[in-house]
Amino acid sequence: MQDAAALTLTRPFDTGALNWPEGRILFLNARPAGLADPARVLAVQPERGLFLGCQRADHDTHPALREGDAGFAAAFILAARQRAENEAMLADASARVVPGGLILMAGEKTSGVEAIFKAMQKAGVALEKWSKHHAVVFAARAPLPMLTERAEAAEAGMRTPVGGFSVGTIDAGSRLLVEHLPDSMKGDVADLGAGWGYLALEIARRAEPASLALIESHHSALEAAKANLAGCKASTTFHWLDVTCEPLPKTKDWVVMNPPFHDALGRHAPHLGQAFIRAGHGMLKPGGRLVMVANRQLPYEKTLADLFKTVEKRADNGRFKVLLARK
Ligand SMILES: C[S@@+](CC[C@H](N)C(=O)[O-])C[C@H]1O[C@@H](n2cnc3c(N)ncnc32)[C@H](O)[C@@H]1O
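Residues numbered from 1 in each chain as written. Predicted model: local features only at pLDDT ≥ 70, side-chain atom pairs only at ≥ 80, totals over all residues. Heavy atoms only, no water.

Here we come to the nonpolar core. Ranked by size, the top nonpolar core spans 35 residues in total, and within it M185, I203, L212, L214 and V291 carry the most contacts. When contributions to this core are tallied by element, the ones reaching two or more residues are α3 (48–56), α6 (172–179), α7 (198–206), β11 (208–216), α8 (219–228), β13 (252–257), β14 (284–295) and β16 (320–326). If you tally residues by element for this core, the top one is α7, at five residues. Look past the residues within four positions of L212 in its chain and what remains in contact with it is V189, A200, I203, A204, L229, C232, A234, S235, T236 and T237. Membership of the second largest hydrophobic core comes to 25 residues, among which are F72, A75, L90 and L144. (Core = buried A, V, L, I, M, F, W, Y, C linked by side-chain atoms within 4.5 Å. Buried < 20%, exposed > 50% of the residue type's maximum accessible area, 1.4 Å probe, protein only. Helix = DSSP H or I, 4+ residues; strand = E, 2+ residues; numbered from the N terminus. Contact = heavy atoms within 4.5 Å.)

An order of β3-β2-β1-β4-β5-β7-β6 is seen for the seven strands of this open sheet, with the pairing classed as mixed. Across the chains shown, the open sheet's two edge strands, defined by having one partner strand only, are β3 (60–62) and β6 (128–132). On average, each strand axis in the sheet is inclined to that of its neighbour by 20°, with strand direction left out of account. With four bridges joining them, strand β1 (residues 25–28) and strand β4 (residues 72–78) adopt parallel strand pairing. Bridge assignment links I25 to a residue of β4, and that residue is A74. Docked against the sheet, helix α4 (residues 83–96) engages β1, β4 and β5 (97–108), running at close to 155° with respect to β5. Helix-sheet contacts for helix α5 (residues 113–122) involve β5, β6 and β7 (135–141), and the interaxial angle to β7 is about 30°. (Pairing = 2+ DSSP bridges. Axes fitted to C-alpha atoms, helices over the stretch in contact; angles between N-to-C directions.)

We now examine the packing of α6 against α7. The contact between α6 and α7 brings their axes to 10 Å, and the two run at 20°. As the angle between them shows, α6 and α7 are arranged roughly parallel. Crossing geometry of α6 relative to α7 is assigned as right-handed. In this structure, α6 contributes S174, R175, L177 and V178 to the contact, and α7 contributes Y198, L199, E202 and R206. Within the contact of α6 with α7, the residues separate by chemical class into four nonpolar, one polar and three charged. (Parallel < 35°, antiparallel > 145°, perpendicular 65-115°, else oblique. Left-handed = near helix turned anticlockwise from the far one by under 90°. Nonpolar A, V, L, I, M, F, W, Y, C, P; charged D, E, K, R; others polar.)

With that settled, consider the domain arrangement of the protein chain. As assigned here, the protein chain comprises domain 1 (4–141) and domain 2 (154–326). Taking the mean C-alpha position of each, domain 1 and domain 2 sit 32 Å from one another. Each side of the interface is counted separately: domain 1 has 16 residues, and domain 2 has 16 residues. Where domain 1 abuts domain 2, roughly 1,300 Å² becomes buried across the two surfaces, and 60% of that area is made up of carbon and sulfur atoms. (Domains from an automatic or database assignment. Buried area = accessible area lost by both parts, 1.4 Å probe.)

This brings us to the packing of α4 against α5. Interhelical geometry of α4 versus α5 gives an angle of 50° and a closest axis separation of 10 Å. Looking at the two axes, α4 sits oblique to α5. Where α4 crosses over α5, the handedness of that crossing is right-handed. Of the residues in α5, those in contact with R83, N86, E87 and L90 of α4 are A115, I116, A119 and M120. Residues belonging to the contact of α4 with α5 are distributed by class as follows: five nonpolar, one polar and two charged.

Here you go:
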């Protein structure tokens, strides 16, 4: 499937409306966009699978901005799904691009890019806009006004990141899973798609795991998880990995998960949960157990039954189901 936002990003240059900037370019929420001269581009992409794609496209790619990343001639931004994330990226671009430098933001028309465009207009920013491929791109010049105060949301004293899953709140499915965690969770435990660490933290509080491995593809979420589990007694390790395509730690006694069913671009993707189940199976010792929660309509039972010796439903509240499988 074509990445309409990435294709539209270079529209102002393709039409001759703008000149390609001289000097280094900061590319936020970067994805391969066919940019000429990738050596001049510093790409930032917190989502592991997209990060690996940028590296393959020869960009100097980092999961987050570093302190010294400044003085860019221009910044290109691909809009994210969350408003706060878009505002944060505009603030970063504004702070790190030289005064008068170009800031471009592109996104599909159904993304939040139009809302950001309107908010910038309302704030009195001079803007230009182009459309193509069901996406829009707008241009502004640094520095930009802050659209909102930048803050990390928190629930019950926990740190949750800007961007990522379940920001500022605990997911209802994950709560149900915690209510139905088996009493006997000991040994080496892995949390697949750990987010900002809610499940791992509750396991550390309720059970006595010898070790907890948190595996997560969103870099800022994993950084938040590190902070949230800092006081935890169990030995914890944090792995920034794409569960679907990278080698994972093995010989676990337990795997827990609330798997994603949308991909990094927000598209419905139940095959991701099935890939998580296969990955979890590969990580377990013989006799090890996988416990998971999912929206009740998602098709995971067959994948579990094909791989595991036994599968049981531990809970079903009409919205979510909790499944337990033994290898
Ligand atoms: C439904 S959320 C659950 C988060 C957390 N366990 C909780 O209960 O709050 C799924 C998590 O999987 C992560 N994820 C999505 N695709 C992934 C992948 N390919 N590899 C690793 N993690 C992934 C998402 O970033 C998200 O944090």
